[in-house]
Amino acid sequence: MGQAAARVARVVGAFVEATRSGARPPEVDGRLPVRIRAWDGSEAGAPADSGAPVVVLNHRRALRRLLWQPGEMGLAHAYVSGDLDVDGDLGEGLAAMWGLVRDGAVKPRKPTLGELPGLLGSTARLGLLGPRPAPPPEAIKLPRFARLHSKLRDRAVIHHHYDAGNDFYELILDENMAYSSGYWADLAAELTPETLAAAQDAKLDMICRKLGLGPGSKLLDVGCGWGSLPIHAAKHFGAHVRGVTIAAEQRDHINQRIRAEGLADKVQVDLVDYRDIATGIEEYGTFDAVSSIEMGEHVGDGNYPTFAATLFGALHPGGRALVQQMSRRPADHPGGGAFIETYVTPDMVMRPVGDTLTLLQRAGLEVRDVHVMREHYVPTIRAWLATLEANWDRAVALAGVRGARMWRLYLVGGALAFEENRMGVDQILLTRPTTTGRSGMPATRVSFEPARDAAKTGTTAP
């Protein structure tokens, strides 16, 4: 058997030091917190029976990626390209490796002067010397010279994220194509297509109740996705809905559903940027309710006041708005980190929920309720992941091997981020008060709490 793994362990070990102060130090033997399996079949590092994650190096190019881009980006390129794998459950492996760093069981260190000659020799023998490997083509390519959050750049970002096509999203999402956190009555429920659909249905019900929708209510859904909320509000609550999106494939999908459900008299979807809604208010009129479900993260800090003002301007006095939006702690990466910003949705801004409340209030909206739903995103994402894994061959046929691996890494990492409180998601209920200060809100939450399952007949107000 070859010696590649032992050489890799020596090189990596020169940069990683195991401590005995972390929460899980007994699992670590020596300086390397993982076991390495190299392309020549050799293994080294933490003992096989230590429970440490096993990192599989399928190609020496994985190390060159890490040498050129240490950290998250190099690991992401290596995993998406297939140069690197984790033996066993990817989520458990990532959680274990992240835990070793988070809990202080390992920490980076600089190699000593005496170690440098040996490191250089090992590096040469491992074939790590060479040009920087190109990133996988699944990494986003933004238009050159496009200004941050310009309409051109925003369209390019949206186009990239939905390049996999409607068929791919139909594969992993629920039957209503809800691409946002569900609301789980039981956070420990078995993850099946049926429980995912029930969680999304419960979320849509709750939004409609919070907005006070009933027959004839006028709702504007900003960033309507594949139409899960517009269709649900019209079908089950009798609302008249105007949806806007900048994704043509989403618009086309919704129009197919509208025809299939016989809802053409209740739902209309336009290919419109949220910044153009204000100039079209005369055409649209104003609304009883406005919603935006996990779209506000994509408008950016500089444009968020415009976004908030758009919600305010679209409402009747006394009307309600609901914003479901992801959040992040102040010290964390507001865009979600290098992997998300390079492969998934660049230019996102996730801020602490209190900062978002301030921006919405400055637009004239009154905050009436904040519902923290962070834990509900964990089973939602894991249900999507379970469906992806169960239909892996189909996913590869639709998105390619690298595209499917990118989605696996995205979903695994996303579930961990919500589980470990590095990301959050919140439903924010707001009103546009009248000039005399009337909010139009009920005195208690009972009308929209999930415990009271208001009627969804489409003929009586919930």
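For the structure itself, look to the data block above.
These figures come from a predicted structure and were not determined experimentally.

Draft legend 1. Spotlight on the overall build of the protein chain. Counting its secondary structure elements, the protein chain contains 16 helices and 13 strands. A separation of at least 24 residues holds for 74% of the contacts in the protein chain among residues at least 6 apart in sequence. Roughly 20300 Å² of accessible area belongs to the protein chain as shown, and the carbon and sulfur atoms make up 53% of that amount.

Draft legend 2. Expanded view of empty space enclosed by the protein. Applying the stated criterion across every chain, the model contains 2 cavities of 30 Å³ or more. Of the pockets and cavities examined, the second largest cavity occupies roughly 40 Å³. What lines the second largest cavity is Gln 325, Met 326, Ser 327, Arg 351, Val 353, Thr 356, Asp 426 and Ile 428. Sorting the residues of the lining of the second largest cavity by element identifies strand S11 (315-328), helix H14 (353-362) and strand S13 (423-431) as the ones contributing at least two each. The element best represented in the lining of the second largest cavity is S11, accounting for 3 residues. Of the residues in the lining of the second largest cavity, the class split is 3 nonpolar, 3 polar and 2 charged.

Draft legend 3. Molecular detail of the sheet that holds strand S3 (residues 43-45). A sheet is described by the order of its strands in space; here 4 strands give the open sequence S3-S2-S4-S5, paired in mixed fashion. Edge positions in the open sheet fall to S3 and strand S5 (84-86), since each of these has one partner strand only. In this sheet, adjacent strand axes meet at a mean angle of 25° when their direction is disregarded. Where strand S2 (residues 35-37) lies against S3, 3 bridges are found, and the strand directions are antiparallel. Of the residues in S3, the one forming a bridge with Arg 37 is Glu 43.

Draft legend 4. Representation of the pairing of strand S8 (residues 240-245) in the model. Taking burial as the measure, the 6 residues of S8 include 5 buried ones, the bulk of the element. Note: strand S7 (residues 218-222) against S8, 5 bridges, orientation parallel. Among the inter-strand pairings, Val 222 is bridged to a residue of S8, identified as Val 244. Taking the sense of rotation as the criterion, the β-α-β connection linking S7, helix H9 (residues 228-237) and S8 turns out right-handed. Across 5 bridges, the pairing between S8 and strand S9 (residues 267-271) is parallel. Looking across to S9, one finds that Arg 242 is bridged to Gln 268. For the crossover from S8 across helix H10 (residues 248-261) to S9, the handedness is right-handed.

Draft legend 5. Geometry of the packing of aromatic side chains. Scanning the entire structure with this criterion turns up 13 aromatic pairs. Between Tyr 169 and Tyr 179 the ring centres are 5.6 Å apart and the planes differ by 65°, which places this aromatic pair in the edge-to-face class. Of this pair, Tyr 169 sits in helix H7 (residues 166-172) while Tyr 179 sits in the loop between H7 and helix H8 (193-210), placing them 10 residues apart in sequence. Under the relative-accessibility criterion, Tyr 169 is labelled buried at 0%.

Draft legend 6. Structural view of the nonpolar core. Formed by 66 residues in total, the largest nonpolar core has its most connected members in Phe 339, Tyr 343, Leu 388, Trp 407 and Tyr 410. With residues up to four places along the chain from it excluded, the contact list for Phe 339 reads Glu 72, Met 73, Ala 76, Val 80, Val 344, Met 406, Leu 409 and Tyr 410.

Draft legend 7. Structural view of H14. Thr 356, Leu 357, Leu 359 and Leu 360 are the residues of H14 that are buried. Down the axis of H14, the buried side of the element spans an arc of 165°, and every buried residue falls inside it. Contacts made by the buried residues of H14 are with helix H12 (304-314), S11, strand S12 (366-372) and S13. The positive-phi residue at the C-terminal boundary of H14 is Gly 364, with phi of around 105°.

Draft legend 8. Fine view of the pattern of salt bridges. If you walk through the whole model with that rule in mind, you get 18 salt bridges. Between Arg 37 and Asp 87 there is a salt bridge whose closest N-O contact spans 3.1 Å. With Arg 37 in strand S2 and Asp 87 in the loop between S5 and helix H4 (90-102), the pair connects residues that are 50 residues apart, well separated along the chain. On the basis of relative accessibility, which here comes to 24%, the residue Arg 37 falls in the partly exposed class. Residue Asp 87 is classed as partly exposed on the basis of its relative accessible area, which comes to 43%. Across the pair Asp 273 and Arg 275 runs a salt bridge, and its minimum N-O distance is 2.8 Å.

Draft legend 9. Molecular detail of the side chain of Ser 292. Here Ser 292 lies in strand S10 (residues 287-293). For Ser 292, a relative accessible area of 0% translates into the label buried. When near neighbours in sequence (up to four residues on either side) are disregarded, Ser 292 contacts Asp 221, Val 222, Phe 307, Leu 322, Val 323 and Gln 324.

Draft legend 10. Examining the sheet that holds S8 more closely. Spatial ordering of the open sheet is given by S9-S8-S7-S10-S11-S13-S12, a layout of 7 strands whose pairing is mixed. Edge strands, defined here as strands with exactly one partner in the open sheet, are S9 and S12. Direction aside, neighbouring strands of the sheet carry axes that sit 15° apart on average. With respect to the sheet, H8 is in contact with S10, S11, S12 and S13, its orientation differing from that of S11 by roughly 145°. Relative to S13, helix H15 (residues 374-390) is tilted by about 120°, and along the sheet it contacts S11, S12 and S13.

Draft legend 11. Examining H8 more closely. Taking 1.5 Å per residue as the helical rise, H8 with its 18 residues ought to reach 26 Å, and the 26 Å between its terminal C-alpha atoms agrees with that figure. For H8, every residue scored as buried is listed here: Leu 196, Ala 197, Ala 199, Gln 200, Lys 203, Leu 204, Asp 205, Met 206, Ile 207, Cys 208, Arg 209 and Lys 210. Looking one or two places after H8, you find Gly 212, whose phi comes out positive at around 70°.

Draft legend 12. Representation of the packing of helix H2 (residues 61-68) against helix H3 (residues 72-81) in the model. At their nearest, the axes of H2 and H3 sit 8 Å apart, and the two run at 155° to each other. With respect to H3, the element H2 is oriented roughly antiparallel. Two packed elements cross with a definite hand, and for H2 against H3 that hand is right-handed. Taking contact as the criterion, the partners of Ala 62, Arg 65 and Leu 66 in H2 are, on H3, Gly 74, Leu 75, His 77, Ala 78 and Ser 81. Taken together, the residues of the contact of H2 with H3 break down into 4 nonpolar, 3 polar and 1 charged.

Parameters at a glance
- Residues numbered from 1 in each chain as written.
- Predicted model: local features only at pLDDT ≥ 70, side-chain atom pairs only at ≥ 80, totals over all residues.
- Heavy atoms only, no water.
- Helix = DSSP H or I, 4+ residues; strand = E, 2+ residues; numbered from the N terminus.
- Contact = heavy atoms within 4.5 Å.
- Areas by Shrake-Rupley, 256 points an atom, 1.4 Å probe, with all protein chains shown as cover.
- 1 Å grid on protein atoms, 1.4 Å probe; cavity = no way out; pocket = protein on both sides within 12 Å on 5 of 7 lines; lining within 4 Å.
- Points joined across faces, edges and corners; volume = space filled by probe spheres on them.
- Nonpolar A, V, L, I, M, F, W, Y, C, P; charged D, E, K, R; others polar.
- Pairing = 2+ DSSP bridges.
- Axes fitted to C-alpha atoms, helices over the stretch in contact; angles between N-to-C directions.
- Buried < 20%, exposed > 50% of the residue type's maximum accessible area, 1.4 Å probe, protein only.
- Right-handed = clockwise from strand over helix to strand, strands pointing away.
- Phe/Tyr/Trp six-rings, centres within 6.5 Å; stacked < 30°, edge-to-face > 60°.
- Core = buried A, V, L, I, M, F, W, Y, C linked by side-chain atoms within 4.5 Å.
- Arc of directions from axis to C-beta.
- Salt bridge = Lys/Arg side-chain N within 4 Å of Asp/Glu carboxyl O.
- Expected span 1.5 Å × (residues − 1).
- Parallel < 35°, antiparallel > 145°, perpendicular 65-115°, else oblique.
- Left-handed = near helix turned anticlockwise from the far one by under 90°.

Any functional reading would require information that these geometric values do not contain.
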